[in-house]
Amino acid sequence: MAVDWPVIVIGGGVSGMAVAAELGDALLIDGAATLGGRVPSENASLFFVGIDDQFAMGFDDSVDEAADDWLELTGGAPTPMTLAYFAALPEIYDRLVELGVQMGALDNDPILDKPRNLASSGLVSSMEAALGEGIEVWTETWVESLVFEEGAVVGVVVEGQTIIADHVVIATGGFAGNAELVEEVAGDELLDDSWGVAEDGGSSGQALLWASEFGLGSEALSSIGWMRRSLGMAGAESTPAAIDYEGQTPWIWVNALGDRFVDESSNHSVMLSTPYRANEPVWAVTTDAILWEVTDEADQELLEAEMDAGGRVVCADSFAALAELIEVDADGLALTLDAIEAVRDGDTQDAFFRPAQSFASFEQGDPCAFITGQRAEKSYGGLAIDDEGGVLDAEGNRVNGLWAVGEAAGMLAPGVGGDSGWDGSLTAVVWSGWRVGNSIRDRDSE
């Protein structure tokens, strides 16, 4: 059988580009018009441990310390692949800088308050620039199917034509944008009446659809990073949408005890996953006057409908009455409100370092609360792979010729993100591509 390409990479996100660049001779196929996948812009948050920038800040970080923190951060213990990833992070940092990625300021992760998330710019353009002359790129092109021969993957079908390859790499992204798959995996325990799925491309679950079609293995699918949104998140059968608001976050989020548990201005996945995974209510507390003031004019009709429904938006004539309606501890909520008022008056600093001016006054209007919209943002489970990145079938056997990287394989490998994943996981996505590129090279040299 004549081979058209030594390697075909399906998916032009950063993990797919990393594989192709590592090998230098591959066909890279993506359905979008441009490369980059789910990285929405040139700005990205990257996770690092033990790099010089952290030491310069006086943070004596180490692999052992990160491993000790992992259960608290992600809800799962570190796997052997997690530890290997930690150990590789200084090398990953140096290589990204060499490629031209601009590293910015370190930010504390919101759970542990430790500087492990690093702002960056130029990730996509730097990865794309690293694609050498031996890489052919096909954009706006869909891979329709995998081609098997005697249990091994030998190519792909593109627009009805079969293209033969020695290796096929699945870099198609996760499944956080596929409502049916999210609902099947998450179930009623996590899904309230206002959830939705990722709004960007590259998360359609193509890898899992092929897993079902061809008997491939999958792992850790319940590890999903949820991002909280404001009002108006639609259900699974319609397009996710949220009521937009202007200015600083004009509410506070409280759990069943009436306690705040996160800085409301940072509404990303892992920060808000803990109470939801414990099946606890989470309410955004504010007043009707504030809601009307900050809601965009185009969304006020939606806000009115939510208020009239009396479900996701609940109002009362006092915060004590509101607490009873939403089944939140009234004494705990009162203490939380008193603490916020002290911050606004300049008497103390917010426990989550939120600036005093960002808190709206709750003195005007009737107290209200609403259930925040829940969006499946990232999936930290995916195709089952071995230590090299080779895909396994449903019985745990290696599928020759088939590999998986990035979110299709749980960012790096299923399970590394624990129960809820972590922010800054793009670092793992990049390394997964480089690692599989090396694995393919080693296989071919045997």
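For every chain, the first residue of the written sequence is number 1, and numbering continues from 1 onward in sequence order. Note on the predicted model: pLDDT of at least 70 is required for a residue's local features to be given, and 80 or more for side-chain atom pairs to be given and counted; whole-chain, interface and lining totals, by contrast, use all residues. Only hydrogens and water are set aside; all other atoms, that is, all heavy atoms of the structure, feed into the side-chain values.

1. With respect to the overall build of the protein
Inclusion rule: The helix count covers DSSP runs of H or I at least four residues long, the strand count covers runs of E at least two residues long, and both are numbered beginning at the N terminus. Buried, partly exposed and exposed residues are distinguished by accessible area as a fraction of the type maximum, computed with a 1.4 Å probe on protein chains only: under 20%, between the cut-offs, and over 50%, respectively. Residue contacts are counted whenever heavy atoms from the two residues lie within 4.5 Å of one another.
Across its full length, the protein carries 13 helices and 20 strands. Relative to its full complement of 446 residues, the protein shows a buried share of 55%. For the protein, contacts bridging at least 24 residues in sequence account for 73% of all contacts bridging at least 6.

2. What about the state of the cysteines?
Two cysteines, two sulfur atoms, one covalent bond between them: this is a disulfide. Just so we agree on the cut-off: Any two cysteine sulfur atoms lying within 2.5 Å of each other are counted as a disulfide.
Counting across every chain of the model gives one disulfide. Cys-315 shares a disulfide with Cys-368; S-S distance 1.9 Å. Note on the Cys-315 and Cys-368 pair: the S-S dihedral is about 100 degrees, so by sign convention the disulfide is right-handed. With Cys-315 in strand E15 (residues 313-315) and Cys-368 in strand E16 (residues 367-371), this residue pair connects regions lying 53 residues apart in the sequence.

3. Considering the packing of aromatic side chains
The condition that has to hold: What counts as a ring pair is set by centres within 6.5 Å for rings of Phe, Tyr and Trp (its six-membered ring), and what kind of pair is set by the plane angle: stacked under 30 degrees, edge-to-face over 60, tilted for all other angles. Should the NZ of a Lys or the CZ of an Arg lie within 6 Å of a ring centre and within 35 degrees of the ring normal, that charge is described as sitting over the ring.
Going through the model one piece at a time under the given rule, you end up with 14 aromatic pairs. When the ring of Phe-47 is compared with that of Trp-70, the centres are 5.7 Å apart and the planes differ by 70 degrees; the resulting orientation is edge-to-face. On the criterion of sequence distance, the pair formed by Phe-47 in strand E3 (residues 43-47) and Trp-70 in helix H3 (residues 63-74) is long-range, its members being 23 residues apart. For the pair formed by Phe-47 and Trp-70, the shared burial category is buried. On the basis of an interplanar angle of 35 degrees and a centroid distance of 6.1 Å, the ring pair of Tyr-85 and Trp-431 is categorised as tilted. One end of the pair, Tyr-85, is in helix H4 (residues 80-99); the other, Trp-431, is in helix H13 (residues 426-445), and 346 residues separate them in sequence. The same class applies to Tyr-85 as to Trp-431, namely buried. Ring pairing ties together the aromatic residues Phe-47, Trp-70, Tyr-85, Phe-86, Tyr-380, Trp-422 and Trp-431, which thus form one cluster. Over the ring of Trp-434 we find Arg-95, and its NZ or CZ is 3.9 Å from the ring centre. Taking NZ or CZ as reference, Arg-398 lies 4.5 Å from the ring centre of Trp-403, over its face.

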